[in-house]
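# Structural characterization, general
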Amino acid sequence: MNLLAIAATSRKGKSTDKLVDKAIEGAKSKNHDLNVKKIYLIDYNIGYCRNCLSCRDSDTKEPFAKCSIRDDMDILCKELHESDLLIIGTPLHNGGVHEVLYTFLVRIVWVFAKPGGKLLTLHGAPVPRSDKKRKSITIISTGLVPPIYRMFCDDATHIIKDTVKVALNGKTLGSLYAGDIEHRGVDCYFNKAYKLGTLLD
Ligand SMILES: Cc1cc2nc3c(=O)[nH]c(=O)nc-3n(C[C@H](O)[C@H](O)[C@H](O)COP(=O)(O)O)c2cc1C
């Protein structure tokens, strides 16, 4: 089993990074043969989507379509394709995901999905190109907003969850909202992150 852990933070070694590591530890405790790859999105050159729609309109039978942009998403799409399990960690930025993660999520939707779905009265919603199923967990760290206000301030979790579902056939098994890190510190969330990781068995 291949576990891809994505840390979408500007700060290596800080809260998001530490929580992702704890979740990896939890996942490894359940599966000692796990093949783990951890990446920092800031280490990659990821350009903005240009809305050319060549990925969306591709009729390839491959598990993912080719984007018209040649950058490090070529590497990352291959990593995603090979993954069975995902950990996605991000700080909350303006109530949503870190900007590098947003760019990454935008870039993967029509590469890994095709427009065959129906949503309410809409036709052409994204559905995964591949039948391969994945399992995922999500970690959000926030500076100020405590867990009690999560429902008003956390757009990050559902953006990740929805993208993982429609593009990667991924089921989100759980999510951690590590809130108010500036006052509480991050250590108080280590156990929760570890336990979350154990869901990826
Ligand atoms: C641009 C920016 C936007 C932020 N927006 C929020 C926010 O909306 N709510 C919040 O509680 N914290 C916000 N923060 C604080 C970060 O979520 C917090 O510092 C986070 O724990 C940092 O994660 P890191 O330790 O991995 O860098 C923001 C920080 C930055 C730099």
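Attention here is on the structure that accompanies the text. Every value quoted in this text rests on a predicted model; they were computed, and no experiment measured them.

### Details of the overall build of the protein chain
- Helix and strand counts for the protein chain come out as seven helices and seven strands.
- What you see in the protein chain, going N to C, is helices and strands ordered as β-α-β-α-β-α-β-β-β-α-α-β-α-α.
- Taking 2.2 N^0.38 as the reference for a compact globule, 201 residues should give roughly 17 Å; the C-alpha atoms of the protein chain span a radius of gyration of 17 Å, in line with that estimate.
- C-alpha extents for the protein chain along the principal axes are approximately 50 × 40 × 35 Å.
- For the protein chain, the proportion of its 201 residues judged to be buried stands at 39%.
- Long-range contacts, defined here as pairs at least 24 residues apart, represent 77% of the contacts in the protein chain between residues at least 6 apart.

### A short note on the site of the ligand
- The full set close to the ligand counts 18 residues, and Lys14, Ser15, Thr16, Pro91 and Gly143 are the nearest of them.
- Sorting elements by how many residues they give to the shell around the ligand places helix H1 (residues 15-30) first, with three residues.
- Among the residues forming the shell around the ligand, the class breakdown is five nonpolar, 10 polar and three charged.

Reading the values: the criteria
- Residues numbered from 1 in each chain as written.
- Predicted model: local features only at pLDDT ≥ 70, side-chain atom pairs only at ≥ 80, totals over all residues.
- Helix = DSSP H or I, 4+ residues; strand = E, 2+ residues; numbered from the N terminus.
- Rg over C-alpha atoms; globule rule 2.2 N^0.38 Å.
- Buried ≥ 20, exposed ≤ 12 C-beta atoms within 10 Å, placed from the backbone.
- Contact = placed C-beta atoms within 7 Å.
- Near = placed C-beta within 6 Å.
- Nonpolar A, V, L, I, M, F, W, Y, C, P; charged D, E, K, R; others polar.

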